[in-house]
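A structural walkthrough
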Amino acid sequence: LLASLAVAGLVAGMGMWAITSEKDAYVSDKMSTAEFVARETAMYFSNEFKRAFIPLYSLREAVLHSGYFDQLATQIGRYPNLLKENDVEIPGGLANIRDVA
């Protein structure tokens, strides 16, 4: 009786060890796959955003070097200047409206 209990315990222990090992391998595989997909997706979006911003950087450089907008900040003035309304609801929050036309 004692020997059969020992054998049953040994078989149960080996079975639990095998199941745990398989579970750990499966989880590790899924985690590495998810990490790979996340890195690839992040790299894709990073590259797409870099390409999308190139025209904006070009436009910024053109505006900076044209001189056309150099006096605009002086004409508009500092914050309270030309203020029309405070805390106006806009999509996404509140804004202060200035007349800069």
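Residues numbered from 1 in each chain as written. Predicted model: local features only at pLDDT ≥ 70, side-chain atom pairs only at ≥ 80, totals over all residues. Heavy atoms only, no water.

What follows deals with the overall build of the protein. A count of helices and strands for the protein gives 2 helices and 2 strands. Each helix (α) and strand (β) of the protein, taken in turn from the N terminus, gives the series α-α-β-β. Taken over C-alpha atoms, the radius of gyration comes to 33 Å for the protein, far larger than the 13 Å a tight globule of 101 residues would show. Counting only C-alpha atoms, the protein reaches 100 × 35 × 20 Å along its principal axes. (Helix = DSSP H or I, 4+ residues; strand = E, 2+ residues; numbered from the N terminus. Rg over C-alpha atoms; globule rule 2.2 N^0.38 Å.)

Attention now goes to the pairing of strand E2 (residues 93–98). As paired elements, strand E1 (residues 83–90) and E2 share 5 bridges and run antiparallel to each other. Opposite Leu83, over in E2, you have Arg98 as the bridge partner. Taken together, E1 and the strand that follows it, E2, pair antiparallel across an intervening segment of 2 residues, in which Gly92 is found at a positive phi of about 100 degrees. (Pairing = 2+ DSSP bridges.)

Our next topic: helix H1 (residues 2–66). Taking 1.5 Å of rise per residue, 65 residues should cover 96 Å, and H1 covers 94 Å from first to last C-alpha, within 8% of that figure. The largest bend in H1 amounts to roughly 30 degrees and is located at Ile54, with the proline Pro55 lying one to four residues further along. With its phi angle positive at about 85 degrees, Gly67 sits one or two positions after the end of H1. (Expected span 1.5 Å × (residues − 1). Bend = angle between axes of the 7 residues up to and from the residue.)

On average, the protein scores 89 in pLDDT, and the residues at 70 or more come to 100%. Considering each helix and strand of the protein separately, the mean pLDDT is smallest for helix H2 (residues 72–76), with a value of 80, and largest for H1, with 94. (pLDDT = per-residue confidence, 0-100.)

Once the charged atoms of two side chains with opposite charge are near each other, the side chains can pair. Within the structure shown, the criterion is met by 4 salt bridges. Residue Arg39 pairs with Glu35 through a salt bridge whose shortest N-O separation is 2.9 Å. Of the two residues, Arg39 and Glu35 both sit in helix H1, 4 residues apart, roughly one turn of that helix. The exposure class of Glu35 is partly exposed, given its relative accessible area of 42%. One salt bridge in this structure joins Arg51 and Glu48, with 2.3 Å as the shortest N-O distance. Placement of the pair is Arg51 and Glu48 together in helix H1, with a separation of 3 residues, close to one helical turn. Looking at Glu48, the relative accessible area reads 29%, which means it is partly exposed. (Salt bridge = Lys/Arg side-chain N within 4 Å of Asp/Glu carboxyl O. Buried < 20%, exposed > 50% of the residue type's maximum accessible area, 1.4 Å probe, protein only.)

This part is about the environment of Asn96. For Asn96, the position within the fold is in strand E2. In this structure Asn96 comes out as partly exposed when scored by relative accessible area, which is 34%. Excluding anything up to four places from it in sequence, Asn96 contacts Tyr79, Leu83, Glu85, Asn86 and Asp87. Separated by 3.0 Å, the side chain of Asn96 and the backbone nitrogen of Asp87 make a polar contact. (Contact = heavy atoms within 4.5 Å. Polar contact = N/O pair within 3.5 Å; in protein donor to acceptor, adjacent residues only side chain to side chain.)

The subject of this paragraph is the packing of aromatic side chains. Using the criterion set out here, one finds 4 aromatic pairs in the structure. A centroid spacing of 6.5 Å and a plane angle of 35 degrees characterise the contact between Phe45 and Phe49, whose relative ring orientation is tilted. Linking Phe45 with Phe49, this pair stays in helix H1, spanning 4 residues, or about one helical turn. Residue classification places Phe49 among the partly exposed residues on the basis of a relative accessible area of 49%. Members of the aromatic cluster, connected to one another through ring pairs, are Tyr44, Phe45 and Phe49. (Phe/Tyr/Trp six-rings, centres within 6.5 Å; stacked < 30°, edge-to-face > 60°.)

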